[in-house]
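Here is how the chains run, residue by residue.
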Amino acid sequence: MKKKNLVPLIVFLLSMCLVGFIVYKTDTHEKWQRRTTAQLNVSTYGERIKNEITNGIAITDTLKQVLISGNGDIKQFDTIAENLISDSIESVQLAPDGVVTDIYPAEGNGAGKIDLLHDKDRGRISCYARDNHTIITQGPFELKQGSYGIAVRNPVYLNDEHGQAYFWGFTIVILRVPDIFSDSIHALSGFRYEYRLSKTETPWSDTYKTVYQSDGQITQPVSYDFTIGKESWKFELTPESGWQDNLLIAKASIIFTAITLLLSGLIRVWLVSNENKNKFQILARTDSLTGIYNRYGFDELAEQMNKTNKEILSILKDKGIEVASHMSTLSDEQIDAVLVICQSIICTTAYQDTWSLICNLFNCIKLCKKNFVIDRHLRVCVAGISHRICIHHKRI
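Residues numbered from 1 in each chain as written. Predicted model: local features only at pLDDT ≥ 70, side-chain atom pairs only at ≥ 80, totals over all residues. Heavy atoms only, no water.

Student: With reference to specific residues and values, describe the nonpolar core.
Tutor: As a rule of thumb, soluble globular proteins bury nonpolar side chains together. Core analysis: the biggest nonpolar cluster contains 41 residues, and I53, F77, F181, L197, W233, F235 and L237 have the highest contact counts within it. The contacts of F77, once residues within four sequence positions are left out, are L63, V92, Q93, L94, D102, I103 and Y104. Counting 17 residues, the second-largest nonpolar core is a separate cluster that includes L117, C127, A151 and F167. (Core = buried A, V, L, I, M, F, W, Y, C linked by side-chain atoms within 4.5 Å. Buried < 20%, exposed > 50% of the residue type's maximum accessible area, 1.4 Å probe, protein only. Contact = heavy atoms within 4.5 Å.)

Student: Give a description of helix 4 (residues 182–190) that names residues and reports values.
Tutor: Turning to helix 4, its buried residues are S182, S184, I185 and L188. The buried residues of helix 4 occupy an angular sector of 160° when the element is viewed end-on, so they sit on one face. Among the exposed residues of helix 4, those pointing more than 90 degrees away from its buried face are D183, H186 and G190. Among the structural elements, helix 1 (3–69), strand 6 (193–200), strand 7 (208–213) and strand 9 (231–239) are those in contact with the buried residues of helix 4. In the segment just after helix 4, R192 is the residue with positive phi, at about 60°. (Helix = DSSP H or I, 4+ residues; strand = E, 2+ residues; numbered from the N terminus. Arc of directions from axis to C-beta.)

Student: I'd like to hear about the confidence of the model for the protein chain, residue by residue, with values.
Tutor: On average, residues of the protein chain carry a pLDDT of 79, and 71% of them reach 70 or more. Low pLDDT (under 50) marks residues 368–385, which in the prediction has 27 contacts with non-local residues, meaning those over four places away or in another chain. (pLDDT = per-residue confidence, 0-100.)

Student: Any chance you could break down the layout of surface pockets for me, citing the residues and the numbers?
Tutor: Of the volumes computed, that of the largest pocket is approximately 660 Å³. Along the walls of the largest pocket sit 33 residues, with R122, F141, A151, R153 and I174 positioned nearest its centre. At the level of secondary structure, the elements contributing two or more residues to the lining of the largest pocket comprise strand 1 (89–96), helix 3 (123–132), strand 3 (136–142), strand 4 (148–159), strand 5 (165–177) and strand 6. With six residues, strand 3 is the largest single contributor of residues to the lining of the largest pocket. Residues that form the lining of the largest pocket fall into these classes: twelve nonpolar, eleven polar and ten charged. (1 Å grid on protein atoms, 1.4 Å probe; cavity = no way out; pocket = protein on both sides within 12 Å on 5 of 7 lines; lining within 4 Å. Points joined across faces, edges and corners; volume = space filled by probe spheres on them. Nonpolar A, V, L, I, M, F, W, Y, C, P; charged D, E, K, R; others polar.)

Student: Give me the lowdown on the sheet that holds strand 8 (residues 222–228), citing residues and values where you can.
Tutor: Sheet strands line up and pair through hydrogen bonds in the backbone, either parallel or antiparallel. If you trace the four strands from one edge of the open sheet to the other, you get 7-6-9-8, paired in antiparallel fashion. The sheet terminates laterally at strand 7 and strand 8, the two strands that pair on one side only. Adjacent strand axes in the sheet meet at a mean angle of 25° when their direction is disregarded. Direction of pairing for strand 6 relative to strand 7: antiparallel, over a ladder of five bridges. Pairing of K199 across the sheet is with K209, part of strand 7. Each of strand 6, strand 8 and strand 9 is contacted by helix 1, which is oriented at about 20° to strand 8, the strand it contacts most. (Pairing = 2+ DSSP bridges. Axes fitted to C-alpha atoms, helices over the stretch in contact; angles between N-to-C directions.)

Student: Talk me through the pairing of strand 5; I want residue IDs and the actual numbers.
Tutor: For strand 5, the tally of buried residues reaches ten of 13 residues, placing the bulk of the element in the interior. Bridge analysis of strand 1 against strand 5 gives seven bridges, and the strand direction is antiparallel. The residue of strand 5 that forms the bridge with I89 is L175. Here strand 4 pairs with strand 5 via twelve bridges, running antiparallel. The residue of strand 5 that forms the bridge with G149 is R176. Hairpin geometry of strand 4 and strand 5 is characterised by an intervening segment of five residues between the two adjacent antiparallel strands and by a positive phi of about 80° at G163.

Student: An account of the packing of helix 1 against helix 2 (residues 77–84) is needed here, citing residue identities and associated values.
Tutor: Interaxial distance between helix 1 and helix 2 falls to 11 Å at its minimum, and their mutual angle equals 150°. Between helix 1 and helix 2, the crossing angle belongs to the class labelled roughly antiparallel. Of the two possible hands of crossing, helix 1 and helix 2 adopt the one that is right-handed. Residue-level contacts link I59, T62, L63 and V66 of helix 1 to F77, I80 and L84 of helix 2. For the contact of helix 1 with helix 2, the per-class residue count stands at six nonpolar, one polar and no charged. (Parallel < 35°, antiparallel > 145°, perpendicular 65-115°, else oblique. Left-handed = near helix turned anticlockwise from the far one by under 90°.)

Student: Tell me about the side chain of S91, residues and numbers included.
Tutor: Here S91 is to be found in strand 1. Taking the relative accessible area as the measure of exposure, S91 reaches 2% and is therefore buried. A polar atom in the side chain of S91 sits 3.3 Å from the side chain of Q93. Those residues in contact with S91 that lie beyond four places of it in its chain are I85, I103, Y104, P105, N109, I172, V173 and I174. (Polar contact = N/O pair within 3.5 Å; in protein donor to acceptor, adjacent residues only side chain to side chain.)

Structural data, given as structure tokens:
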């Protein structure tokens, strides 16, 4: 494969590897950025949801204090419940000895008056709340309006005449889902998040049951855990578009690939241009039929040779004695070889006298080698010949 094709191909492949690395790092950073933002949001709104549920549960604590103050007797229950209830509350209930007797609003909730401690679905968890003195939540379950609710049961204990605590019953509130935390989920929907709120089915279980979730798919969510009473809750978030920004990756890939193609194309154009330039230079110096130098080529060659000869004479001018001393370490055969090279270089008529001087210089060097030393007389001869070469060079 020719250089003009191989080099651009190598540049393209290496550049594509670099593009892949850049896109990978961009995708990794974007995922990390999205997860960091989602983690902050899930912590913030998870705490808000916890507070909103706790505010609903606080109604049962208020009723509990009223009962304790009245020693188990609560007057004007409907009036008190009406002042406590809100749009996110389905109903407020009292259950002395675990049996629901009072419900506000009463209309349409008559079926809720049941024995909680002996009910098939509610008995075990209600007994757990009674025996462990803890608030329990149960649900979600479907309400008559078609929405869903969570039952919060708060056990109440009073003291008898002997000062012994006994179980009075439950104060109960039914929270509407998702109305109780609607502000939080509306904000998250505006931020284009998918979400899911879940809780353990029972205080003694590790199995989570979904309380409410959005319609989209949740993949690899970030989560925030909290507890209410002795039950564990979990709030999870994931972006609607997923953790990967496909649009950003596509844009980055297209831009960097275009730059790579442009760079490879420019390199190939440059290589082709250089190749054509060399071809044209050869055609300008040689005959197209015979391939030998034409007049322009010979003129250029002669100019180069003239420049080379001047450089050699300049060296003899500046370093005559040092050159002679250095060459005295060579063998006769090596000196003869150097002499042949000089003869081939100084080939013009203008340098014939210089050639004879160089021959004399080399003969002196050989004589020095035979006597093993360069005595004062020979040094003077070498210096004189070098000086004559320099003078001749100046004339030229």
